[in-house]
Amino acid sequence: MKKIFSLLSLACLMIAAFTSCKEDTEPRLSAPTEFVLNTPPMAGNTYILSSTSSIDLSWSQPDYGLGLVPTYSVEIAKPAESYTDTDWVALEGSYTQAAVSVPGEAFALGLCSLFGYDDPSNFDPSPRPVAVRVKSNIANIISDPDMALIYSNVVVLQSVVPYFAVKLPAKLYLIGQPQGWDINNGAMVLSEPDNGIGSNIYSGSFEISADDAASGFRFYTALGSWGDNGVLPSVGAAADDGDNQAVTVSDSGVYEGACVAGKGNWNITNWPGGTMRITVDLNSMTVVFEHVD
């Protein structure tokens, strides 16, 4: 009986030990303590940025304890003894690989932001050292910022030559009777807002007479060419040239409708004359014409 009890006790101990080992070796999500941005072989040389150049970076993968794929982004700063988060400017673009070629344009845009170059008159093209770090982020997987985010060490590129690269609001041009049907005349321009660069939503206000509104207009993403039916650069009420759409504003002075890539004009038959505020959304492909005081 004692022998049977001993065998049972041994079996229980073996099961407990096996369970304990399994629990100890089960993969668990954990906060990594570091990951390393490698010093590029060219870090001591001069990088001359251009729209076709790139800077190659690589780093180790942070250990989250699970087979997760982080999202990486590259940040730059002026070299310093120590840094705060406000010292860093994030470059455009994100990556899921640990070896990437960062476009020269992204570096140039970041440098212009970092050094406050917002106009060619204050731009300094001289080479300068640039501090670089990488952010690893799994915020799409876990909401705890202490576990989701980790930054690499800092590497200094000793000499980087920037070029003036500032993203300005994109333009859309009203072409038609109000401006004399001149494909080279960009006087009536709609623009993205300064705080909405890249939004693809354009607006502008213009003085347009009743006769000019009735005679028609459309929009162009670029000047200089009338383009073909059904394709950019023209944006109109219909795809084909001559397929014009007679529309009216409501009692409150508003017309809302669709737009397409094409050369059909809007002819507003009941426009009373005065200031027309126009909004063109090339995401939803819609237009709004509104009479304003």
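In this text, all values refer to a predicted model and were calculated from it rather than measured experimentally. (Residues numbered from 1 in each chain as written. Predicted model: local features only at pLDDT ≥ 70, side-chain atom pairs only at ≥ 80, totals over all residues. Heavy atoms only, no water.)

When helices and strands are counted, the protein shows 4 helices and 19 strands. For the protein, the share of sequence-separated contacts (at least 6 apart) that also reach a separation of at least 24 residues comes to 65%. (Helix = DSSP H or I, 4+ residues; strand = E, 2+ residues; numbered from the N terminus. Contact = heavy atoms within 4.5 Å.)

Helix length check: helix H2 (residues 104-115) (12 residues) gives 16 Å between terminal C-alpha atoms against 16 Å at 1.5 Å per residue, within 8%. Among the 12 residues in H2, 9 count as buried, and that is most of the element. For H2, the full list of buried residues reads Gly104, Ala106, Phe107, Ala108, Leu109, Gly110, Leu111, Cys112 and Leu114. (Expected span 1.5 Å × (residues − 1). Buried < 20%, exposed > 50% of the residue type's maximum accessible area, 1.4 Å probe, protein only.)

Turning our attention to the nonpolar core. Soluble globular proteins: nonpolar side chains tend toward being buried together. By size, the foremost hydrophobic cluster in this structure holds 34 residues, and its most contacted members are Trp59, Ile76, Val102, Phe107 and Val132. Of all the elements in the fold, those that place two or more residues in this core are strand E2 (54-58), strand E3 (71-77), strand E5 (99-103), H2, strand E6 (128-137) and strand E8 (155-161). Of the residues forming this core, the biggest block, 6 residues, is contributed by H2. Residues Leu172, Ala213, Ile268 and Phe289 belong to the second largest nonpolar core, which totals 25 residues. (Core = buried A, V, L, I, M, F, W, Y, C linked by side-chain atoms within 4.5 Å.)

Take the pairing of E6 next. E6 sits mainly inside the fold: 7 of its 10 residues count as buried. With 7 bridges joining them, E3 and E6 adopt antiparallel strand pairing. Bridge pairing in E6 places Ala77 opposite Ala131. As paired elements, E6 and E8 share 4 bridges and run antiparallel to each other. Opposite Val130, over in E8, you have Leu157 as the bridge partner. The sheet contact formed by E6 and strand E7 (residues 149-151) spans 3 bridges and is antiparallel. (Pairing = 2+ DSSP bridges.)

The omega angle of the peptide bond from Leu232 to Pro233 is 25°, so this bond is cis rather than trans. Relative to the helices and strands, Pro233 resides in the loop between strand E12 (217-220) and strand E13 (234-236). Positive phi outside glycine occurs at Trp181, with the angle close to 50°. Structurally, Trp181 can be placed in the loop between strand E9 (171-176) and strand E10 (189-191). Residue Asn200 is not a glycine yet carries a positive backbone phi of 65°. Within the fold, Asn200 resides in the loop between E10 and strand E11 (201-208). Owing to a relative accessible area of 24%, Asn200 belongs among the partly exposed residues under this scheme.

Turning our eyes to something else, we now look at the side chain of Thr275. Looking at the element boundaries, Thr275 is found in strand E18 (residues 274-281). Accessibility expressed as a relative area gives 17% for Thr275, which makes it buried. The contact partners of Thr275, leaving out residues within four places of it in the chain, are Ser205, Phe206, Glu207, Glu290, His291 and Val292.

This brings us to the layout of surface pockets. Put simply, the largest pocket is a space of about 220 Å³. Forming the walls of the largest pocket are 14 residues, and the residues nearest its centre are Leu109, Gly110, Ser113, Ala165 and Lys167. No other element matches H2, which puts 5 residues into the lining of the largest pocket. Classifying every residue of the lining of the largest pocket by side-chain character gives 9 nonpolar, 3 polar and 2 charged. (1 Å grid on protein atoms, 1.4 Å probe; cavity = no way out; pocket = protein on both sides within 12 Å on 5 of 7 lines; lining within 4 Å. Points joined across faces, edges and corners; volume = space filled by probe spheres on them. Nonpolar A, V, L, I, M, F, W, Y, C, P; charged D, E, K, R; others polar.)

Within the fold, Ser53 resides in the loop between strand E1 (46-48) and E2. Put simply, Ser53 and Ser101 are 48 residues apart on the chain and 9.2 Å apart in space, counted from C-alpha to C-alpha. Sequence-distant contacts of Ser53, defined by excluding residues within four places in its chain, comprise Ile48, Val102, Pro103 and Gly104. At 2.9 Å, the side chain of Ser53 forms a polar contact with the backbone nitrogen of Ser50. (Polar contact = N/O pair within 3.5 Å; in protein donor to acceptor, adjacent residues only side chain to side chain.)

Attention now goes to the pattern of salt bridges. For the structure on display, the rule yields 5 salt bridges. Among the salt bridges present, the one from Lys263 reaches Asp241, with a minimum N-O distance of 3.9 Å. A residue pair is termed long-range when its members are at least 10 positions apart, and Lys263 in the loop between strand E16 (260-261) and strand E17 (266-268) and Asp241 in the loop between E13 and strand E14 (245-247) qualify at 22 residues. Judged by its relative accessible area of 9%, Lys263 falls in the buried class. Residue class for Asp241 comes out partly exposed when judged on its relative accessible area of 48%. (Salt bridge = Lys/Arg side-chain N within 4 Å of Asp/Glu carboxyl O.)

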